[in-house]
Amino acid sequence: MFVAGFYCRHSVALVLPEVSRCSISIPEAMTSSPQNDASSKVELNLREANVVETFEASSTKRRLYAHRVRRNVLVLELDLDNRNGTTDRKFLFKTRSVKQSKDLKLDTIQRANLTIQMGQNEKPEDKTSPQRIVIVTSAAPTSIDVQAGEMKTITLLSVFLLENNPDVSPNVTMDAALSIFEHASNDVSKLRSEHESAWNELWSRGGVEIESSSSNLATQVNSSFYYMLSSVREDVLQGVGPGGLQTNGYKGNYYWDNDLWAMPSLLPFWPELAETGLRYRFEHRIQAAEHAKEHDKEGYWYPFQTAGTGVETDLFEPANKLEIHVGGGVALLGQLFVNATGNTTFEHAVVEPIVRGVADFYVSMAKKESDGTYSLDNVVPPDEYVVVSVSMA
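Rules and cut-offs
Residues numbered from 1 in each chain as written. Predicted model: local features only at pLDDT ≥ 70, side-chain atom pairs only at ≥ 80, totals over all residues. Heavy atoms only, no water. Pairing = 2+ DSSP bridges. Helix = DSSP H or I, 4+ residues; strand = E, 2+ residues; numbered from the N terminus. Contact = heavy atoms within 4.5 Å. Buried < 20%, exposed > 50% of the residue type's maximum accessible area, 1.4 Å probe, protein only. Axes fitted to C-alpha atoms, helices over the stretch in contact; angles between N-to-C directions. Left-handed = near helix turned anticlockwise from the far one by under 90°. Nonpolar A, V, L, I, M, F, W, Y, C, P; charged D, E, K, R; others polar. Polar contact = N/O pair within 3.5 Å; in protein donor to acceptor, adjacent residues only side chain to side chain. Patch = residues over 30% accessible without salt bridge, like charges linked within 9 Å, V, L, I, M, F, W, Y side chains within 5 Å. Areas by Shrake-Rupley, 256 points an atom, 1.4 Å probe, with all protein chains shown as cover. Salt bridge = Lys/Arg side-chain N within 4 Å of Asp/Glu carboxyl O. Core = buried A, V, L, I, M, F, W, Y, C linked by side-chain atoms within 4.5 Å. Phe/Tyr/Trp six-rings, centres within 6.5 Å; stacked < 30°, edge-to-face > 60°.

S.K.: Please provide a residue-by-residue account of the sheet that holds strand β12 (residues 143-146), values included.
M.R.: Across the sheet, 3 strands lie side by side as β3-β8-β12; this open sheet has antiparallel pairing. A strand with exactly one partner marks an edge of an open sheet, and here the two such strands are β3 (33-34) and β12. With 4 bridges connecting them, strand β8 (residues 89-94) and β12 associate as antiparallel partners. When the sheet's bridge partners are listed, Lys-90 is paired in β12 with Asp-145.

What follows is the structure in structure tokens.
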């Protein structure tokens, strides 16, 4: 599991620094499943954005989803079916052992009917303070009684709350997480309907239909949309790594794929989601300016890779210094967004400052040639397999 904007440092071959998404182990209670039964089917429902696991022998289904409306809440529903039974039945459950993530340092507090895990990332990004995380999880059931002729649904919750401000005390963060957990617990009867309604609204605005029984192109495209939509929220200003959250390509870091491919693909149907990519760049323009200043350049030099904080996270920093095309992708995304939405307020407040900063950077990089033209020397173009330095007029 991952949480948007939560990253940590590593070392590769004891030499190269690396920043990657913090891995978060799923709380053990959220692995609850029937005893002495193996799942016969696992289905991903793209429309309703949940994973359903069927256990035929025990007449049980597990339904897991990250709530679309309540951004901190992970939900596990256990459907216990005794509608065909003639006697009352006791459903027995087990959990599997979960190996804790090496990226986090967590302490555990046991309370009645819930578990609290509190801690931080072991090695935060450079130039940043540790980020705090609190995880609040329902207690795992061991057995549930269901009367003959009835079906019962048991709901377990996990709340994940990230705090980036080091001045906020751990107790304040814990209380906030407990409050989110309490509100969700009081609303268990409507959690799924809220979630599905939000996803239905998203799908009502976009998708691809192809009238061909032999083509799976529509399935592939809509699956890609699903994973992208699962990785972006309008109230979370983060970029998207290659492929979104379902892959760990580039360790989940953001580079020009965010601006040139990911956000533009969302723009026609979900402009408010595409806007988050631009706002992420705008919010981290100070880091881009500092990056340029460190290398005696002007304007905004957006590093080849960034993560939660906007500072440079390149694995092989000397080589990636040659890849300066991210800023161009950011400026292009701004132009595409304004053309698509006609939002001139956003254009003046967000896009124009970005474009001016990027232009100033390229001007400071340019060298005037004897024939009056300008060139950018010692750069790698978007084709990363061109590993030699080239000049671009």
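Still to come is the rest of the account.
S.K.: Could you give an account of the side chain of Gln-238, naming the residues involved and the relevant values?
M.R.: With respect to the helices and strands, the residue Gln-238 is situated in the loop between α3 (217-231) and α4 (256-266). Excluding residues within four positions of it along the chain, Gln-238 makes contact with Ala-4, Gly-5, Tyr-254, Met-263, Thr-276, Tyr-280, Ala-307 and Gly-308.

S.K.: Please give an account of unusual backbone geometry that cites residues and values.
M.R.: One non-glycine residue, Asn-36, lies in the positive phi region at around 55°. Tracing the chain through its elements places Asn-36 in the loop between β3 and β4 (41-45). In this structure Asn-36 comes out as exposed when scored by relative accessible area, which is 74%. Positioned with a positive phi, Tyr-250 is a non-glycine residue whose angle comes to about 55°. Among the structural elements, Tyr-250 can be located in the loop between α3 and α4.

S.K.: For the packing of helix α5 (residues 271-283) against helix α8 (residues 326-341), give the residues involved together with the corresponding values.
M.R.: Between α5 and α8, the shortest axis-to-axis distance is 10 Å and the interhelical angle comes to 145°. Regarding α5 and α8, the two cross each other, and that crossing is left-handed. Touching Pro-271, Glu-275, Leu-278 and Arg-281 of α5 are Val-326, Val-330, Leu-333, Gly-334, Phe-337 and Thr-341, all from α8. Looking at the contact of α5 with α8, its residues break down into 6 nonpolar, 2 polar and 2 charged.

S.K.: Tell me about the side chain of Asp-79, and please be specific about residues and values.
M.R.: Along the chain, Asp-79 falls in strand β7 (residues 73-82). The class of Asp-79 is buried, set by a relative accessible area of 7%. Among the polar contacts listed, one links the side chain of Asp-79 to the side chain of Arg-63, at a separation of 2.9 Å. Within the structure, the side chain of Asp-79 is placed 2.8 Å from the side chain of Thr-153, a separation counted as a polar contact. Once residues within four sequence positions are removed from consideration, Asp-79 is found in contact with Ser-59, Thr-60, Lys-61, Arg-63, Lys-152, Thr-153 and Arg-192.

S.K.: So, the pairing of β4: which residues are in play, and what are the values?
M.R.: Bridge count between β4 and strand β5 (residues 50-55): 5 bridges; the pairing is antiparallel. Each bridged residue has a counterpart across the sheet, and for Asn-45 the counterpart in β5 is Asn-50.

S.K.: Outline a nonpolar patch on the surface, listing residues and values.
M.R.: Together, Val-42, Leu-44 and Val-51 line one region of the surface with nonpolar side chains, adding up to about 230 Å² of accessible area. With respect to the helices, strands and loops of the structure, Val-42 is situated in strand β4. When its relative accessible area of 54% is taken as the criterion, Val-42 is described as exposed.

S.K.: Just give me the short version of the nonpolar core, but keep the residues and values in it.
M.R.: Leu-266 and Tyr-302 are the most contacted members of the largest nonpolar core, which has 36 residues in total. Contributing elements (two or more residues each) for this core: α2 (188-203), α3, α4, α5, α8 and α9 (344-365). Ignoring anything within four residues of it in the chain, the contact list for Leu-266 reads Met-228, Leu-229, Val-232, Pro-271, Leu-273 and Ala-274.

S.K.: Tell me about the packing of aromatic side chains, and please be specific about residues and values.
M.R.: For the structure shown, the criterion picks out 15 aromatic pairs. On the numbers, 6.0 Å between centres and 75° between planes, the contact of Phe-225 with Phe-269 is edge-to-face. Of this pair, Phe-225 sits in helix α3 while Phe-269 sits in the loop between α4 and α5, and the two are 44 residues apart along the sequence. Judged by its relative accessible area of 10%, Phe-225 falls in the buried class. Classification of Phe-269 by relative accessible area gives partly exposed; the value is 26%. The interplanar angle of 70° and the centroid separation of 6.5 Å between the aromatic rings of Tyr-250 and Phe-304 together place this pair among those described as edge-to-face. Remark: Phe-304 occurs in the loop between α6 (285-294) and α7 (317-320) and Tyr-250 occurs in the loop between α3 and α4; sequence separation between them is 54 residues. Look at Tyr-250 and you get partly exposed, because its relative accessible area is 32%. Classification of Phe-304 by relative accessible area gives buried; the value is 2%.

Geometric descriptors of this kind do not, in isolation, establish any biological role.
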